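Structural features, examined
This is what each chain is made of:
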Amino acid sequence: MVKKAFWSGKKVFITGHTGFKGSWLGFWLLHLGAEVKGLSLAPNTTPALFDQLDLARNLSHHLGDIREAELVTRLIASWRPDVIFHLAAQ
């Protein structure tokens, strides 16, 4: 059972947040009250679920490649998330 109280106010970082599963996870976490920041490449499908859910407006959206270690380190260090979901893949 998902506890809304657990996720409410939690800072969550998602890699791959523009993909199908990352978009659903971001949407769900926002609904549960989490603050969500994502790092991903631009959506590569048309239509993209990320765009259909209008997530760019509702979470902290960063385009970039997770292979850029300095970018990943900077985002995580500056935001200090409580939870990290790594969903980025090719």
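Higher on the page you've got the structure.
Below or above, wherever it landed, is the structure these notes cover. (Residues numbered from 1 in each chain as written. Predicted model: local features only at pLDDT ≥ 70, side-chain atom pairs only at ≥ 80, totals over all residues. Heavy atoms only, no water.)

Side note on the environment of Arg80
- In this structure, Arg80 sits in the loop between helix 5 (69-79) and strand 4 (83-86).
- The exposed category is assigned to Arg80, whose relative accessible area is 66%.
- A sequence separation of 59 residues divides Arg80 from Lys21, and the C-alpha atoms of the two residues are 23 Å apart. (Helix = DSSP H or I, 4+ residues; strand = E, 2+ residues; numbered from the N terminus. Buried < 20%, exposed > 50% of the residue type's maximum accessible area, 1.4 Å probe, protein only.)

Some words on the side chain of His17
- Relative to the helices and strands, His17 resides in the loop between strand 1 (11-15) and helix 2 (20-31).
- Of the polar contacts made by the side chain of His17, one reaches the side chain of His61; its length is 2.7 Å.
- Residue contacts for His17: discarding those within four places in its chain leaves Gly22, Ser23, Gly38, Leu39, Ser40, Phe50, Leu59, His61 and His62. (Polar contact = N/O pair within 3.5 Å; in protein donor to acceptor, adjacent residues only side chain to side chain. Contact = heavy atoms within 4.5 Å.)

Thoughts on the nonpolar core
- In this structure, Trp7, Val12, Ile14, Leu29, Ala34, Val36 and Leu55 are the most contacted members of the largest nonpolar core, which totals 14 residues.
- The set of elements that each furnish at least two residues to this core consists of strand 1, helix 2 and helix 3 (49-52).
- Once residues within four sequence positions are removed from consideration, Val36 is found in contact with Val12, Ile14, Gly26, Leu29, Leu30, Leu59, Ser60 and Trp79.
- Grouped together as the second largest cluster of nonpolar side chains are six residues, Phe13, Leu39, Val72 and Trp79 included. (Core = buried A, V, L, I, M, F, W, Y, C linked by side-chain atoms within 4.5 Å.)

Topic: the pattern of salt bridges
- Scanning the entire structure with this criterion turns up two salt bridges.
- In this structure, Asp54 and Arg57 form a salt bridge, with 2.6 Å as the shortest nitrogen-oxygen distance.
- Look at Asp54 and you get partly exposed, because its relative accessible area is 32%.
- Exposure remark for Arg57: the relative accessible area of 66% places this residue in the exposed category.
- Among the ionic pairs, Asp65 bridges to Arg67, the shortest N-O distance being 2.6 Å.
- What makes Asp65 buried here is its relative accessible area of 18%. (Salt bridge = Lys/Arg side-chain N within 4 Å of Asp/Glu carboxyl O.)

Quick notes on the pairing of strand 1
- For strand 1, the tally of buried residues reaches four of five residues, placing the bulk of the element in the interior.
- Relative to strand 2 (residues 35-40), strand 1 runs parallel, the two being bridged by five bridges. Directly across from Ile14, in strand 2, lies its bridge partner Gly38.
- In this fold, the crossover linking strand 1 to strand 2 by way of helix 2 has right-handed handedness. (Pairing = 2+ DSSP bridges. Right-handed = clockwise from strand over helix to strand, strands pointing away.)

Concerning the packing of aromatic side chains
- This model, assessed by the stated rule, comprises four aromatic pairs.
- Judged by centre distance (5.0 Å) and plane angle (90°), the rings of Phe6 and Trp7 are edge-to-face.
- Judged by centre distance (6.4 Å) and plane angle (55°), the ring pair of Trp7 and Trp28 falls under tilted. In this pair, Trp7 is assigned in helix 1 (residues 4-7) and Trp28 in helix 2, connecting sequence segments 21 residues apart.
- Through successive ring pairs, a cluster of aromatic residues spans Phe6, Trp7, Trp28 and Phe85.
- Seen from the ring of Phe6, Lys10 lies directly overhead, with NZ or CZ sitting 4.4 Å from the centre. (Phe/Tyr/Trp six-rings, centres within 6.5 Å; stacked < 30°, edge-to-face > 60°. Lys NZ or Arg CZ within 6 Å of the ring centre and 35° of its normal.)

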